[in-house]
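As a plain string of letters, each chain reads:
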Amino acid sequence: MKHNILGSMLMSAVLGLSLTAQAQVAKVGAIKIEDAYTRATVPGQQVAGGFMKIDNKGATDLLVSASSPIAGEVQLHEMSMEGNVMKMRQVKDIPVPAGGMVELKPGGMHLMFMNIKAPLASGETVPVKLKFAKAGEVEVKMPVNAMGSPGVMKH
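What you are looking at is a predicted structure, and each value in this text was computed from that prediction instead of being measured. (Residues numbered from 1 in each chain as written. Predicted model: local features only at pLDDT ≥ 70, side-chain atom pairs only at ≥ 80, totals over all residues. Heavy atoms only, no water.)

Student: I tried to follow the confidence of the model for the chain on my own but got confused; where do I start?
Tutor: In regions of low pLDDT, the predicted coordinates are not meant to be interpreted in detail. When pLDDT is averaged along the chain, the result is 84, and 79% of the positions lie at 70 or above. Per-residue pLDDT, averaged within each element of the chain, yields its smallest value for helix H1 (residues 2-23) (40) and its largest for strand S4 (residues 61-67) (98). Note on residues 1-23: pLDDT under 50 across the span, and two contacts to partners over four residues away in sequence or across chains. (pLDDT = per-residue confidence, 0-100. Helix = DSSP H or I, 4+ residues; strand = E, 2+ residues; numbered from the N terminus. Contact = heavy atoms within 4.5 Å.)

Here it is as structure tokens:
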């Protein structure tokens, strides 16, 4: 009996992981979005980051905007170090090279959810619409990971 319960729990965990992986893949034209995620927030927190891998099998494109019903605004951001000072700034677009990929990750390019309407809870999924200059628009289902988790980026 105990063996069957453990087997069922393991199977549920494996199925859950594979469903999560599938939920994180979206395509539009030659663009494929993978490993998208954000992190849980605490009550009163007004901002959160969005991260993903954008793979481009076609010509050079630009990520020009993002939006989500969970935030008043979604900005494209870049984080960099200038000497010993970390700088974050909004950018007008994020280039996606022809036949290449760009990774939106902590400490680099990322989405910034501004004026979050309610705390993001671990286990939820956030809908995010991405707009590319050439490929067009695509909605990505972004899982909310626990605070402090490094995400699920694969290399």
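Student: Would you take a moment to explain the pairing of strand S10 (residues 125-132) for this structure?
Tutor: Moving residue by residue along a regular strand, the side chains alternate between the two faces of the sheet. Residues Val-126, Val-128, Leu-130 and Phe-132 line the buried face of S10, whereas the alternating positions Thr-125, Pro-127, Lys-129 and Lys-131 sit on a face that is not buried. Where S4 meets S10, four bridges bridge the pair, whose relative direction is antiparallel. Bridging from a neighbouring strand, Ser-67 pairs with Lys-129 of S10. Alignment of S10 against strand S11 (residues 136-145), held across eight bridges, turns out to be antiparallel. By the bridge assignment, Val-128 is partnered in S11 with Val-140. Linkage of S10 to S11, two consecutive antiparallel strands, is achieved through a turn of three residues. (Buried < 20%, exposed > 50% of the residue type's maximum accessible area, 1.4 Å probe, protein only. Pairing = 2+ DSSP bridges.)

Student: Teacher, can you tell me more about the pairing of S4 here?
Tutor: Where S4 meets strand S7 (residues 94-96), three bridges bridge the pair, whose relative direction is antiparallel. Note on S7: the bridge partner recorded for Asp-61 is Val-96.

Student: Please clarify how the pattern of salt bridges should be interpreted in this entry.
Tutor: When the charged atoms of two side chains with opposite charge come close together, those side chains can pair. Under the counting rule described, the total for this entry stands at seven salt bridges. For the salt bridge of Glu-139 with Lys-141, the shortest nitrogen-to-oxygen distance reads 2.7 Å. According to the relative accessible area criterion, Glu-139 is partly exposed, its value standing at 42%. Given a relative accessible area of 39%, Lys-141 falls into the partly exposed group. Members of the salt-bridge network, linked through shared partners, are Lys-32, Glu-34 and Lys-53. (Salt bridge = Lys/Arg side-chain N within 4 Å of Asp/Glu carboxyl O.)

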